[in-house]
Structures are given as C-alpha cells and as structure tokens.
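Remarks on the overall topology
The lines below spell out each chain.
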Amino acid sequence: MQVVLGLGTNLGDREDNLARALDALEHLEDTQLLKLSNLYETEPFDVISQQDNYLNCCVLLETRMKPQRLLEHCLEIEKSLGRVRVEYHGARTMDIDVLVCEGFTSDTDTLTVPHPHIRERAFVMVPLSDLFPQHQALGYDFHQAYEEVDKSGVSLYK
C-alpha cells in the first residue's frame, strides 16, 4: 500500500532531525521510500506559545504494514528523536503524521485517515503538491483546498 506521511520539526538541528527521521523510515521493515517533496520553511500554525519556524516535507512510501502499525513506528521515531508532548501544538524535534493511505480510511481515537486537517494546512498541502502536482493524492482530492489555502507562510528551503 502507498502512504503519504507529513514530517515537521522546529527544535534543534532541523535538517538533521529530518535526515534522521527519513533514514529511520527508509529502514522500516517491508517499507520503501518512493518520493520526497522539497523542504519548506513554514511559520508556526495554530500555536499557543512563541515558536521558531518549522521545516516540513512530505514523503511517499510503499509499505506492507497496516496503517496503525506504521503510525506506531512513526511515534517511535519521534520519541527516538527527542519528541516530548507537553502542550497542544507545542514545539517539537519531530512530528510525523499519516496523511493519506491508498485504499484505506479510518476514524478512530488513535488514527484518522485521511488526516482531518490537511485542507487547512499549507505546510502540508504545498509539499503534498510536490508529490502529486495534479492535487490527487492516492484518491484524495485536494485541488480546491490547495487553491484556497493561504500559502504566504510557506517558503522553499534552500
């Protein structure tokens, strides 16, 4: 099954955090990294405290893992990179979200797919459009939302 993940970091060495997370994803059993978006620097979104800018990207994976198991691995990767959950939308060394899964939807306490906030987050839609320029991601249509979302806080990194 193909899966799109969103990655973001705004604490510590952001480039190294992303590189280490991507390396960990590439080494997951029965999983292959197919495509990586550009990196984007983005302003914090929906936060309650002052934070530094994020580096964000999206990645397309092929995996045999069930989505819930993939999420568990993503949470383990976050933790291995020092992620501590203190406040809602708090600063983080790594955040990995399961955005879209080919042929799979879920709405549980632990996993909602497609991710419920894709359409309101330019820091997701801009890198997602790198992977899917027609704005159709594994059956998920985000064309209209992409056109309407405010992309002013998102800029190509380096």
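Residues numbered from 1 in each chain as written. Predicted model: local features only at pLDDT ≥ 70, side-chain atom pairs only at ≥ 80, totals over all residues. Heavy atoms only, no water.

Our next topic: the nonpolar core. Formed by 25 residues in total, the largest nonpolar core has its most connected members in L5, L7, L25, L70, I96 and V98. When neighbours within four sequence positions are excluded, L7 is seen to be in contact with L18, A21, L22, L25, L55, N56, C57, V59, M94, D95 and I96. (Core = buried A, V, L, I, M, F, W, Y, C linked by side-chain atoms within 4.5 Å. Buried < 20%, exposed > 50% of the residue type's maximum accessible area, 1.4 Å probe, protein only. Contact = heavy atoms within 4.5 Å.)

Counting across every chain of the model gives six salt bridges. Of the charged contacts, one joins D30 and R64 as a salt bridge, the two residues approaching to 3.0 Å between their closest N and O atoms. Here D30, found in the loop between α1 (14–26) and β2 (31–36), pairs with R64, found in the loop between β4 (54–63) and α2 (67–80); they are 34 residues apart in sequence, far enough to count as distant. For D30, a relative accessible area of 40% puts it in the partly exposed group. (Salt bridge = Lys/Arg side-chain N within 4 Å of Asp/Glu carboxyl O. Helix = DSSP H or I, 4+ residues; strand = E, 2+ residues; numbered from the N terminus.)

The next thing to look at is the layout of surface pockets. Size it by volume and the second largest pocket reaches roughly 200 Å³. Contributing to the lining of the second largest pocket are 13 residues, with E43, F45, A122, D150 and G153 lying nearest its centre. Per-class residue counts for the lining of the second largest pocket are six nonpolar, three polar and four charged. (1 Å grid on protein atoms, 1.4 Å probe; cavity = no way out; pocket = protein on both sides within 12 Å on 5 of 7 lines; lining within 4 Å. Points joined across faces, edges and corners; volume = space filled by probe spheres on them. Nonpolar A, V, L, I, M, F, W, Y, C, P; charged D, E, K, R; others polar.)

In this structure, H115 sits in the loop between β7 (112–113) and α3 (122–131). Note on H115: relative accessible area 14%, which makes it buried.

Mapping D95 onto the fold places it in strand β5 (residues 95–101). A distance of 3.3 Å separates the side chain of D95 from the side chain of R92, its partner in a polar contact. Residue contacts for D95: discarding those within four places in its chain leaves G6, L7, G8, E78 and R83. (Polar contact = N/O pair within 3.5 Å; in protein donor to acceptor, adjacent residues only side chain to side chain.)

Keep in mind these values describe shape, not function.
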